[in-house]
Amino acid sequence: MVAMDGLHTAPTMTRPGAHDAGLETMALDGFLASVERRGFRMAELALGHREDALDAVQDAMVAFLAYRERPQAEWPALFFAVLRSRITDRHRRNAVRRRVLAVFGRHDADEEAEDPLARLPDPGAGPDQADERQRAWSALGAALRALPRRQREAFLLRELQGLSVAEAAIAMGCSEGSIKTHLFRAQAALRKHLEDWR
Amino acid sequence: MNRPDPLARARALFEAQAEALEPTTAARLRAARRTALAEAGPRAGAAAPTQRWGWPAAGGLLTAALALLLVAPPLRLPPPEEAAGPAPAVPVATDPAVLAGAGTPPELDEDAAFLLWLGEAPLPPAKPPAPIDLGAPP
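The rules we used
Residues numbered from 1 in each chain as written. Chains lettered and ligands numbered in written order. Predicted model: local features only at pLDDT ≥ 70, side-chain atom pairs only at ≥ 80, totals over all residues. Helix = DSSP H or I, 4+ residues; strand = E, 2+ residues; numbered from the N terminus. pLDDT = per-residue confidence, 0-100. Contact = placed C-beta atoms within 7 Å. Core = buried A, V, L, I, M, F, W, Y, C linked by C-beta atoms within 7 Å. Buried ≥ 20, exposed ≤ 12 C-beta atoms within 10 Å, placed from the backbone. Axes fitted to C-alpha atoms, helices over the stretch in contact; angles between N-to-C directions. Parallel < 35°, antiparallel > 145°, perpendicular 65-115°, else oblique. Nonpolar A, V, L, I, M, F, W, Y, C, P; charged D, E, K, R; others polar. Bend = angle between axes of the 7 residues up to and from the residue.

Colleague: Looking at this model, I keep getting lost on the overall build of chain B. Mind explaining?
Modeller: Each helix and strand counted, chain B has 7 helices and 0 strands in total. Reading chain B from its N terminus to its C terminus gives the helix and strand order α-α-α-α-α-α-α.

Here it is, written out as structure tokens:
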């Protein structure tokens, strides 16, 4: 299981009183800072589009803040529940857009419109290493997007985000048994898809 | 050679990618977080998600109450006959002299002879109604 260093350190902060807005804002800022990168990567894997992923994370942050009164221990599950919902919304919206554009025989230019500067590799890695990592990342995204939606969500939340089965069940709005089933199937499918990684 | 499990590699890759975010993307995420917190700031501690639904609900109730006030008074009014109150009393003659015709106006007395004659005059024989001419069949 992946250690969730960033994710699980933030909720250990003491919950501020409702009247102490400054401390609460700090706690929220710390929590969102701890999940924003992982949330973005999850959205990027699921959507396959950087701009859509950024928008989904921003929407999720705004929507999550409606649940700020809930205990901090629930924040990770709530945040990823909101993010999952935003990702699903964007999936549907993109599917409709593609269908409409297909009717008119046009390409979705937005799919290709990526900021080249944003694709600069991590300066710490060598060019070959960065290139290989980018290829592996694309392959992982393609394999995940080939999965059924619920299997993909279970894998992203449980395996990559490191949520517990109970937290993943809350985030997906289903039973823990369903999470285990979806996860098992997703793992089997991904092992098959990513066989050449061995 | 024992190669790593693809899923373990996927997890390691995810961790590495989450750490090594492009500077522009990291900056945009920071900006998004601050924007979200700034937008949510004025509501801090003021309204729980359930309380936020209170305003639309209160507005709806107020609108319904106003509509009820506008609609209810006409519904509560009695029908027009009742609204006009009891019908004006028609003078009914109770005086025996009036009932005996003593008070009959003279113009009615003049007509009495004509009416008497009209009642006794023989009626002309009734003619059967003329058959309707439908014309020749086509």
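Colleague: Please explain the confidence of the model for chain A as it appears in this structure.
Modeller: Detailed reading of predicted coordinates is not advised where the pLDDT is low. Residues and elements named next belong to chain A. Of all residues in chain A, 78% attain a pLDDT of 70 or more, and the chain-wide mean is 82. The low-confidence segment residues 1–16 (pLDDT under 50) makes 30 contacts with residues lying over four places distant or belonging to another chain. Note on residues 112–118: pLDDT under 50 across the span, and 8 contacts to partners over four residues away in sequence or across chains.

Colleague: Looking at this model, I keep getting lost on the nonpolar core. Mind explaining?
Modeller: Across soluble globular proteins, nonpolar side chains have a tendency to be buried as a group. In this structure, Ala43, Val57, Phe79, Leu83 and Ala171 of chain A are the most contacted members of the largest nonpolar core, which totals 53 residues. Once residues lying within four places of it in the same chain are set aside, the contact partners of Leu83 of chain A are Gly39, Met42, Ala43, Ala56, Val57 and Ala60 of chain A.

Colleague: Looking at this structure, how should I read the confidence of the model for chain B?
Modeller: All names here are of chain B. Per-residue pLDDT for chain B has a mean of 74; in total, 59% of the residues score no lower than 70. The spread of mean pLDDT over the elements of chain B runs between helix α3 (residues 49–52), the lowest at 52, and helix α1 (residues 6–19), the highest at 91. In the model, residues 44–49 has pLDDT below 50 throughout and makes 11 contacts with residues more than four positions away in sequence or in other chains.

Colleague: Would you explain the environment of Gly141 of chain A in this entry?
Modeller: Residues and elements named next belong to chain A. Along the chain, Gly141 turns up in helix α6 (residues 127–145). Separated by 97 residues in sequence, Gly141 and Glu44 have C-alpha atoms that sit 7.9 Å apart. Setting aside residues no more than four positions away along its own chain, Gly141 makes contact with Leu45 and Gly48.

Colleague: What should I look at first to understand the environment of Leu194 of chain A in this one?
Modeller: Along the chain, Leu194 of chain A falls in the segment after α9 (176–193). Separated by 54 residues in sequence, Leu194 of chain A and Leu140 of chain A place their C-alpha atoms 7.6 Å apart. Leaving out residues up to four positions away in the same chain, Leu194 of chain A has contacts with Ala139 and Ala143 of chain A together with Pro6 and Ala10 of chain B.

Colleague: Is there a simple way to explain the packing of α9 of chain A against α1 of chain B in this structure?
Modeller: When two helices pack together, their arrangement is given by the angle between the helix axes and by the axis-to-axis distance. α1 of chain B packs onto α9 of chain A with a crossing angle of 95 degrees between their chain directions and a minimal axis gap of 9 Å. It follows from the interaxial angle that α9 of chain A and α1 of chain B lie roughly perpendicular. On α1 of chain B, the residues that touch Gln187, Leu190 and Arg191 of chain A of α9 of chain A are Pro6, Leu7 and Ala10 of chain B. Here the contact of α9 of chain A with α1 of chain B is built from residues that sort into 4 nonpolar, 1 polar and 1 charged.

Colleague: Just checking my understanding: could you explain helix α2 (residues 21–47) of chain A for this structure?
Modeller: Given 3.6 residues to a turn, an α-helix orients residues that are three or four positions apart in the same direction. Glu36 of chain A marks the point of greatest bend in α2 of chain A, at about 40 degrees. Once α2 of chain A ends, the next one or two residues include Gly48 of chain A, with phi positive near 70 degrees.

Colleague: In this structure, what is going on with helix α8 (residues 165–172) of chain A? I would like to understand it.
Modeller: Residue and element names in this part refer to chain A. Of all the 8 residues making up α8, 6 are buried; the element is thus mostly covered by neighbouring parts of the structure. Buried residues of α8: Glu167, Ala168, Ala169, Ile170, Ala171 and Met172, and no others. Buried residues along α8 sit against α4 (75–103), α7 (149–160) and α9. Among the residues trailing α8, Gly173 stands out with phi positive, at a value near 65 degrees.

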